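Residue strings, one per chain:
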Amino acid sequence: DQQVKQNSPSLSVQEGRISILNCDYTNSMFDYFLWYKKYPAEGPTFLISISSIKDKNEDGRFTVFLNKSAKHLSLHIVPSQPGDSAVYFCVLVYGGATNKLIFGTGTLLAVQP
Amino acid sequence: DTAVSQTPKYLVTQMGNDKSIKCEQNLGHDTMYWYKQDSKKFLKIMFSYNNKELIINETVPNRFSPKSPDKAHLNLHINSLELGDSAVYFCASSQRGAEKLFFGSGTQLSVL
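Residues numbered from 1 in each chain as written. Chains lettered and ligands numbered in written order. Predicted model: local features only at pLDDT ≥ 70, side-chain atom pairs only at ≥ 80, totals over all residues. Heavy atoms only, no water.

What to know about the side chain of D30 of chain B
All names here are of chain B.
Here's step 1: By secondary structure assignment, the location of D30 is in the loop between β3 (19–25) and β4 (31–37).
Here's step 2: Polar side-chain contacts of D30 include one of 3.0 Å to the side chain of K71.
Here's step 3: Beyond its immediate chain neighbours, meaning those up to four positions away, D30 contacts Y49, N50, N51, K71, S94, Q95 and R96. (Helix = DSSP H or I, 4+ residues; strand = E, 2+ residues; numbered from the N terminus. Polar contact = N/O pair within 3.5 Å; in protein donor to acceptor, adjacent residues only side chain to side chain. Contact = heavy atoms within 4.5 Å.)

Laid out in structure tokens, this is it:
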């Protein structure tokens with residue numbers, strides 16, 4: 001049973017435009033959501049997080065929005081740059097100190113110059 | 001200077017063999033993890049250790065045995081390898097209770 005769903009396996013965006021990556025979840029008992037970014041042949045790297053008590057978190061070009069009633073979150077990247085081309089994982093964190101992470105399947109973002 | 005390093009990067013072996021993957025972190029973190037990314041690209045937790053103590057053990061066959069000689073190292077030993085074990089295995093570390101994990105670059109295991 002997939003608790004974290006990223007329904008778009010890929011997304012292509014022009015440089016300078018906005019990229020919007022979406023994520024839906026089923027488990028309401030979570031502490032945080034995270035976004036991780038992964039380049040080929042590398043491990044995932046942490047990008048941005050949002051706690052369960054917030055509905056928005058912004059860090060430079062990256063903003064994450066959380067809609068708890070819809071069980072939906074999204075990552076906005078603006079302006080998109082070619083170096084943003086990577087796989088983006090939506091990650092649900094629960095379990096307090098045991099820190100259990102559930103990864104979505106990822107969305108491959110391609111930013112065209 | 002790599003924060004979380006795992007070796008080897010690639011591992012090709014025959015069914016039935018026993019193999020190990022090593023992981024080391026130089027971040028001073030208390031907690032280390034092993035994740036498996038299968039052919040469908042799902043990344044799933046296998047084990048988590050905090051200060052050499054096992055704290056998460058998901059439904060993983062007994063053929064997989066993690067070993068943590070100290071809090072900077074978490075090795076993964078796999079006995080009697082099967083075709084279905086083929087995957088990319090990622091080591092990670094974090095401060096205890098912290099949601100931000102630092103991942104190694106992965107070990108691609110191919111069982112023939």
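Describing the interface of chain A and chain B
Here's step 1: Facing 20 residues of chain A, the contacting portion of chain B comprises 21 residues.
Here's step 2: Between chain A and chain B, the buried area comes to about 1,700 Å², and carbon and sulfur atoms account for 62% of it.
Here's step 3: The tally of links from chain A across to chain B stands at 0 salt bridges.
Here's step 4: Between chain A and chain B we count 3 residue pairs in polar contact (both at pLDDT 80 or more) in total.
Here's step 5: Going through the elements one at a time, β4 (32–38), β5 (45–51), β9 (86–94) and β10 (100–103) of chain A are the ones with two or more residues in the side of chain A that touches chain B.
Here's step 6: When grouped by side-chain class, the residues that make up the side of chain A that touches chain B number 11 nonpolar, 6 polar and 3 charged. (Buried area = accessible area lost by both parts, 1.4 Å probe. Salt bridge = Lys/Arg side-chain N within 4 Å of Asp/Glu carboxyl O. Nonpolar A, V, L, I, M, F, W, Y, C, P; charged D, E, K, R; others polar.)

Things to note about the packing of aromatic side chains
Here's step 1: Going through the model one piece at a time under the given rule, you end up with 13 aromatic pairs over all chains.
Here's step 2: Between Y33 of chain B and Y35 of chain B, the aromatic rings sit 6.2 Å apart at their centres with planes inclined by 45 degrees, giving tilted as the arrangement. Considered together, Y33 of chain B and Y35 of chain B belong to a single accessibility category, that of buried residues.
Here's step 3: Consider the rings of F90 of chain B and F103 of chain B, whose centres lie 6.3 Å apart with planes at 85 degrees: the pair is edge-to-face. Of this pair, F90 of chain B sits in strand β9 (residues 87–94) while F103 of chain B sits in strand β10 (residues 102–103), placing them 13 residues apart in sequence. The exposure classification of F90 of chain B matches that of F103 of chain B, with both residues buried.
Here's step 4: Cluster of aromatic residues (ring-pair linked, three or more members): Y36, F46, F89 and F103 of chain A together with Y33, Y35, F90 and F103 of chain B.
Here's step 5: Between the NZ or CZ atom of K44 of chain B and the centre of the ring of F42 of chain B, over which it lies, the distance is 5.6 Å. (Phe/Tyr/Trp six-rings, centres within 6.5 Å; stacked < 30°, edge-to-face > 60°. Buried < 20%, exposed > 50% of the residue type's maximum accessible area, 1.4 Å probe, protein only. Lys NZ or Arg CZ within 6 Å of the ring centre and 35° of its normal.)

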